[in-house]
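Spelled out from the first residue to the last, the chains are:
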Amino acid sequence: MKNILPINDNPYFRSYTYFGYHQAIISASNNVPQNVNDEIASIYVKDFNLYAWQIDNEQIKYEIHPQNIIKFYGNKWNIDMNVVFSRLCNTNDEIEISIHKQLNTNAWASIVVFFTDVYRKDSFNNSTLCDIQMGNYSKDGLFYKIGSKSRISLLTNPSFPLKLHLVRVGDDVKLIYNDANHMQQEILFDNNELNFTYEKIGFAVNMGCNAYYEWLFSNFINFRFNFESQIPIDFLWNHYKNWNPHTNDYFIDYNMETEKYLQIMGFSVLDYIKLMINLNRYIETDINDNLHLRISDDHGPFFHQNLIYGYDDSEKKLYLLYYENGKVHNATMNYIDFLSERNNLSDRKLYVYKYDMGYEMHKLSSKFILQVFKEFRNSQNISYYESYYDLSFYFGLNALTSLLSDKGFAKLKSDIRISHLLYEHSICNRDRFEYLLYKKIIDEDFYQRIYDVAKAGCDTSLILRNLILKMRFGGKVDDTIIKKFITQLIDIETQIADLVICKFERDISLP
C-alpha cells in the first residue's frame, strides 16, 4: 500500500522546525494554490453549452473546456473567490454537476447546485443563496438544505468525482447524489413539504477568502527576544504549553504519543505511523539526520525533528521533511534505516498533527492589526500573554534594539536563526501590505508609501542575514557594518509601525 499526504516543501516560514512543518502542512497544495495557474476547483456541468447563463462573479477566474468541463482559478491572494451561474427554471428541469476538484480554502468553501425563487445577485452566502440546495463543504462534506431549515449531512468525507443532481418535475423535487465509493442515492420531496416556486436553477462555486492568508497576515507582527533562551527569538503567534511550541491552533490539532505507550496498545512504531497517515495525519518525530546526510555516527548520532507525510510499502520507504543548514529538504528513508539501531531512541515521542481548520471563519481584523503594531511599536506584549515571560524578555522594537547590546550582538552572531527570522518578518510585512491593498483595506497611495519602506526592510534584513552567514562560514565582517544594518532595520521597522498606526487609527475612527 502507498499513501502520500500533500505537503509544501517550501514553506513561508522556516526559522524553526515548528514553523516549517506547521506551514508545510497548512499551506500544502490541497489548501493553498502554489501559483495563480493552479486550479482551485474543477467541475463537469451536464448540458452546460445548451443554455444561456447569468454569471455573477466576484474575483474568481474560470475556463470553459470541451465536454462541459469548467476549471476555476483564484487570484494571487485568494480573495473573494466566488461565482454563481444561474438561468430560468422550467416546469420540468434539472441540473447535474460532478465535482472533480475542490480546495480546502476555508471550512465553509463549497460547490452547490440549487433552485431558488428570487436569486439575490450580490449574495455569495450559502445560508441565503437559495431555497433548495445540495453541495459539498470542504470540511463537512456533502449536504442538502431546504430554505431556512438546518442543513442535513449526507456524506462526511466524499471521494471525487462527486455527482450532484437536482431534478424538478412540476412541483416535486428529487435530489440524486453519489461519489466514487458509494452507490447512487435519491431523496424525493413533494411541494406539500416545500411550498416553493422555482424561478432560477443553477450552480455556485463559493471558495471565499483563503483562511491561510487571512490568518497569516493577522500574525507574525510582533516578536520577543531573550539572551539566555534556547530559542532566543520567536514570533508572538501561538501559545506554548509545558514550554513546548506544539500547541493546537486554528489549523492544527495535535497529540503526543510515546513508543512505550504504542507498545502497550499493541502497535509497532512503523505500523502506527502508517495508520496515522491513512487517517490523514502527519507525524513529527526525532530521526538521526546522519542517515539523510550519509555520514557516520563517529561523533555520535544527530537526532532532530523530521516530519513524516507518506509511506510506500512496495518500496518499503517513508516520505519525510528534514532540516539541513536551516533549510527544509524532502527525502525518503527505507524502513530498514528507520528501524535500525542507529535510529533507535529509548522512548521515541511522536507528535501527530491533524489538519482541522476551525469552523469560526478566520477573518483579518484591522483593529487587531492596529493593536499588535502598537504593541510592537511600544515594545509591549498584551495580545500574546504567556505566564513565563518576565523581565528577561524583550518585545518589539526593544527586541531589535537589544541586539546592539554586548549579549544580544554575541547571540546574533552565533545563531543564524535570529537574522533569518528578522528576514522572514520583513518578507511577511511586505506581503501583508499587498494583501491589505487587495482587500481594499488600504488604498494605492498608502500602499506605495509603505511598500517602499517595507521593501527597504527586506533588502536590509537580507543583507544582515547574509553578513551573519558569511561570518559563520569563516568570512571576515566588521562588527560595525553589522551594527549599522541593525540600526537601519530598527529605523525602518519604526517607520512601518508609525505609518500603520497613523493610517489605521484615522480610518477606524471614521464613522
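Along each chain, numbering runs from 1 in the same order as the chain's sequence is written. Where local features are concerned, this predicted model is filtered to residues with pLDDT of at least 70; where side-chain atom pairs are given and counted, the filter is 80 or more; whole-chain, interface and lining totals use all residues. Values reported for side chains reflect all heavy atoms of the structure, with hydrogen atoms and water molecules removed beforehand.

**Overview of the sheet that holds strand β7 (residues 92-102)**
Read across the open sheet, the seven strands follow the order β4-β5-β2-β7-β12-β13-β14; overall the sheet is antiparallel. Unpaired on one side and paired on the other, β4 (61-65) and β14 (185-189) mark the two borders of the sheet. For this sheet, the mean inter-axis angle between neighbouring strands, taken without regard to orientation, is 20 degrees. Both β4 and strand β5 (residues 69-73) contribute to a ladder of five bridges, which runs antiparallel. Counterpart to tyrosine 62 in the pairing with β5 is phenylalanine 72. A pair of strands counts as paired when DSSP detects no fewer than two bridges linking them. The helix count covers DSSP runs of H or I at least four residues long, the strand count covers runs of E at least two residues long, and both are numbered beginning at the N terminus. Interaxial angles span 0 to 180 degrees and are taken between N-to-C directions of axes, which are lines fitted to C-alpha atoms, for helices over the stretch in contact.

**Focus: a nonpolar patch on the surface**
In this scheme, patches are assembled from residues that exceed 30% relative accessible area and form no salt bridge. Like charges are connected within 9 Å, while nonpolar side chains (Val, Leu, Ile, Met, Phe, Trp, Tyr) are connected within 5 Å. Here, Shrake-Rupley sampling with a 1.4 Å probe gives the accessible areas, and only protein chains in the shown set may cover a residue. A carboxyl oxygen of Asp or Glu within 4 Å of a side-chain nitrogen of Lys or Arg is what we treat as a salt bridge. Together, Tyr261, Ile264 and Met265 line one region of the surface with nonpolar side chains, adding up to about 320 Å² of accessible area. One can find tyrosine 261 in helix α5 (residues 259-265).

**Concerning unusual backbone geometry**
The linkage connecting phenylalanine 160 with the following residue, proline 161, adopts the cis geometry, with an omega of 5 degrees. With respect to the helices, strands and loops of the structure, proline 161 is situated in the loop between β11 (152-155) and β12 (162-169). Despite not being glycine, arginine 294 has its phi angle at roughly 55 degrees, a positive value. When its relative accessible area of 75% is taken as the criterion, arginine 294 is described as exposed. Here the phi dihedral of lysine 440 falls at roughly 65 degrees; this positive angle occurs in a residue that is not glycine. We call a residue buried when its accessible area falls under 20% of the maximum for its residue type, exposed when it is over 50%, and partly exposed in between, using a 1.4 Å probe and counting protein chains only.

**Brief notes about the sheet that holds strand β24 (residues 394-395)**
Here we have three strands laid out as an open sheet, ordered β17-β16-β24, and antiparallel in their pairing. Lying at the two open borders of the sheet, with one neighbouring strand each, are β17 (233-235) and β24. With two bridges joining them, strand β16 (residues 223-225) and β24 adopt antiparallel strand pairing. Directly across from arginine 224, in β24, lies its bridge partner phenylalanine 395.

**Focus: the environment of leucine 270**
Turning to its location among the elements, leucine 270 is positioned in helix α6 (residues 269-278). Setting aside residues no more than four positions away along its own chain, leucine 270 makes contact with Leu318, Tyr335 and Leu339. Contacts were defined at the residue level, with two residues in contact if any of their heavy atoms lie within 4.5 Å.

**A few points about the confidence of the model for the protein chain**
Should the pLDDT be low somewhere, the predicted coordinates at that spot are not to be read in detail. A residue's pLDDT is simply how confident the predictor is in it, with values from 0 to 100. Mean pLDDT over the protein chain works out to 93, with 96% of the residues at or above the 70 mark. Highest mean pLDDT in the protein chain belongs to β5 (98); lowest belongs to helix α2 (residues 126-129) (50).

**Looking at the packing of helix α9 (residues 366-377) against helix α14 (residues 479-509)**
Axis angle and axis distance: for two packed helices, these are the angle between their axes and the distance between the axes, and together they describe the pair. Interaxial distance between α9 and α14 falls to 9 Å at its minimum, and their mutual angle equals 140 degrees. Between α9 and α14 lies a crossing whose hand is left-handed. Contacts between α9 and α14 involve Ser366, Lys367, Ile369, Leu370, Phe373, Lys374, Phe376 and Arg377 from the former and Glu493, Thr494, Ile496, Ala497, Asp498, Val500, Ile501, Phe504, Glu505 and Ile508 from the latter. Under this grouping Gly is polar, as are all residues other than the nonpolar Ala, Val, Leu, Ile, Met, Phe, Trp, Tyr, Cys and Pro and the charged Asp, Glu, Lys and Arg. Along the lines of polarity and charge, the residues of the contact of α9 with α14 split into ten nonpolar, two polar and six charged. Handedness of a crossing is defined here by the sense of rotation of the near helix relative to the far one, left-handed for an anticlockwise turn of less than a right angle and right-handed for a clockwise turn.

**Notes on the packing of aromatic side chains**
In this description, a pair of aromatic rings is defined by centroid distance and the angle of the planes. When two rings of Phe, Tyr or Trp (its six-membered ring) have centres within 6.5 Å they constitute a pair, described as stacked for plane angles under 30 degrees, edge-to-face for angles over 60, and tilted for the intermediate range. Applying the stated rule across the entire model yields 53 aromatic pairs. In this scheme, the term charge over a ring applies when either NZ of a lysine or CZ of an arginine sits within 6 Å of the ring centre and within 35 degrees of the ring normal. Above the ring of tyrosine 423, the side-chain terminus of arginine 465 is found at 5.0 Å from the ring centroid. The lysine or arginine in question, lysine 483, covers the ring of phenylalanine 409, its NZ or CZ lying 4.8 Å from the ring centre.

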